[in-house]
Each structure stands twice: as structure tokens, then as C-alpha cells.
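# Reading the structure
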Amino acid sequence: MKLLYFAWLRTKIGIAEEVLEPPGGVTDVAGLVEWLKSRGPRFADALGNDKLVRVAVNQTYVDGRHPVKPGDEVALFPPVTGG
Amino acid sequence: MIRVQREDFDIGRELEALTRGKTGVGGVACFLGLVRDMAGDKAVGAMTLEHYPGMTERELARIEEEANRRWPLAASLIVHRYGRLERGERIVLVATASAHREAAFQACEFLVDYLKTKAPFWKQEETPDGPRWVDAESRDDEAATRWTTD
């Protein structure tokens, strides 16, 4: 699974992307975010407020119930501010 | 048509290209977004726009398709820049062409409202206190919800 982080989520976590396989119990977006938070204080801080975390799986917006599987591209980022 | 690019664009050339050969077009509406010198009470020298290559293009294309479904447009264009932009520089151009002005005006506003809440871009401003990520504005979400039909 490829994980991408953008904007202040990227600067708080300290990396822009990584490739990893979460434990088998992680089957959906909400579970993935919970597991990421447990990986250390940087992740816990960046992902602490659910309201400020948007998730896209394979470049499409999804909610917490959306499934995640090996090979997915999962992006986590704050609310967008373009235009 | 959508384009995501680092380089500046020429508005006159873009609008001319949009309608060239389309003699049924009676009106073009456009929105040009610029880098402002102030964010609240803070002076802004420049900003850097980050985006999500791939998803940005997909979201913009999706929004453009939706506008074309809702209004009878002869042509539409979204050009959005990324990278470091100085105060006063152009950020985004949205243009819509139609036989009549109502469709062009409404579709243009729709495209701007939606790209502000959906297209994965993030602004980081350079202020006297250092770099600062711009917060999303709830009024942008409210502006986008007025187009919700279901």
C-alpha cells in the first residue's frame, strides 16, 4: 500500500510518502487512520482531529467505511485551499 | 479543458482559444484568481501552492463534466497553477462559453465554488512570522452547497 501525505499533514508527519502493509486487522479507512495514529507522536498529532483529515483512495474521496487493500494508493490531507 | 501547470498563462490568448471557431457562442464568463497581499491582518509576501498530481486533474475533470451536464456550455476551461507565486500573480483561470450569458455566469461560479472545496490544492503563505498553511474557510463549503440538487 502506498501512503501519501500532503500540506501540514506532510510537514507534521515529516515524510511525503511511504510504502507499507498495515496489519491484517486493518480493513477500512477508519481502521487505517487509527493504526497510523499508533505509530508515534508525529502521526498521533497530525491525525488527531478527524474533522481536519480528508482521505482519498486511488485518487477518489472516500469516507471512513471505505475498504483498503494491498496495492491501494491512500492519500491523507487537510481540507483543500486552492482556487 | 483542464490544465495544471507551474507557468503563468495569458488570459487573452486563453479566452480566444476557448471560443475560436465556435460561432454559436454568445457570451464568455471568466474568473481570475490572484495572490492577495493580506491574509486577515497579516501581510503576505508570496505563497506556495502544493497539489496532488493525478488526483488534481481527476477532480477538475470531474467538476468540469458536472458543469457541462448542468449547463449548455459550448466550451469550458480551468487553468490552475502550482508552485511559488508572488503577490499579485495569477493563480487560477476559470472560463465558460455559452450561447447565452446565464449559463456562462452560473457555470463559471459553480466551477470556482467546487474547485475551492474539492480540488486537492493547499496554500502556504509567507508571512512576517514565517510560513503558514492557509485554513479552509467554512464559507467556501457553504458556497459550494448552494449548488447541491439532491
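Definitions and limits used
Residues numbered from 1 in each chain as written. Chains lettered and ligands numbered in written order. Predicted model: local features only at pLDDT ≥ 70, side-chain atom pairs only at ≥ 80, totals over all residues. Heavy atoms only, no water. Pairing = 2+ DSSP bridges. Helix = DSSP H or I, 4+ residues; strand = E, 2+ residues; numbered from the N terminus. Axes fitted to C-alpha atoms, helices over the stretch in contact; angles between N-to-C directions. 1 Å grid on protein atoms, 1.4 Å probe; cavity = no way out; pocket = protein on both sides within 12 Å on 5 of 7 lines; lining within 4 Å. Points joined across faces, edges and corners; volume = space filled by probe spheres on them. Nonpolar A, V, L, I, M, F, W, Y, C, P; charged D, E, K, R; others polar. Phe/Tyr/Trp six-rings, centres within 6.5 Å; stacked < 30°, edge-to-face > 60°. Buried < 20%, exposed > 50% of the residue type's maximum accessible area, 1.4 Å probe, protein only.

With that settled, the discussion passes to the sheet that holds strand β3 (residues 54-57) of chain A. All names here are of chain A. The sheet built from 5 strands is open, its strands ordered β2-β1-β5-β3-β4 with mixed pairing. Only two strands of the sheet have a single partner each, and these edge strands are β2 (17-19) and β4 (60-62). This sheet shows a mean twist of 25° between the axes of neighbouring strands, independent of strand direction. In this sheet, β2 lies alongside strand β1 (residues 2-5) in antiparallel orientation, the contact comprising 3 bridges. Residue pairing for β2: Leu4 is matched across the bridge by Glu17.

Taken as a whole, the largest pocket holds about 530 Å³ of empty space. As for the largest pocket, its lining consists of 26 residues, and the residues nearest its centre are Arg36(B), Lys116(B), Lys123(B), Val134(B) and Glu137(B). Those elements that place two or more of their residues in the lining of the largest pocket are β2 (27-34), β3 (38-39), α3 (101-118), β9 (121-127) and α4 (138-145) of chain B. Residue classes in the lining of the largest pocket are distributed as 12 nonpolar, 5 polar and 9 charged. Of the volumes computed, that of the second largest pocket is approximately 280 Å³. Taken together, 14 residues line the second largest pocket, and the ones lying closest to its centre are Arg54(A), Val80(A), Thr117(B), Lys118(B) and Asp141(B). Counting only elements with at least two residues in the lining of the second largest pocket, the list comes to α3 and α4 of chain B. Here the residues of the lining of the second largest pocket sort into 6 nonpolar, 2 polar and 6 charged.

In this section: the packing of aromatic side chains. How two aromatic rings sit relative to each other is set out by the distance from centre to centre and by the angle between their planes. The final tally for this structure, using the stated rule, is 11 aromatic pairs over all chains. Between the aromatic rings of Tyr5(A) and Phe43(A), the centroid separation amounts to 6.1 Å while the plane-to-plane angle is 75°, which identifies the pairing as edge-to-face. Taken together, the residues span a long stretch of sequence, with Tyr5(A) in strand β1 and Phe43(A) in helix α3 (residues 41-46) at a distance of 38 residues. Neither Tyr5(A) nor Phe43(A) differs from the other in exposure class; each is buried. In this structure an aromatic cluster arises from ring pairing among Phe6(A), Tyr61(A), Phe77(A), Tyr52(B) and Trp122(B).

Purely geometric stuff here, so don't read any function into it on its own.
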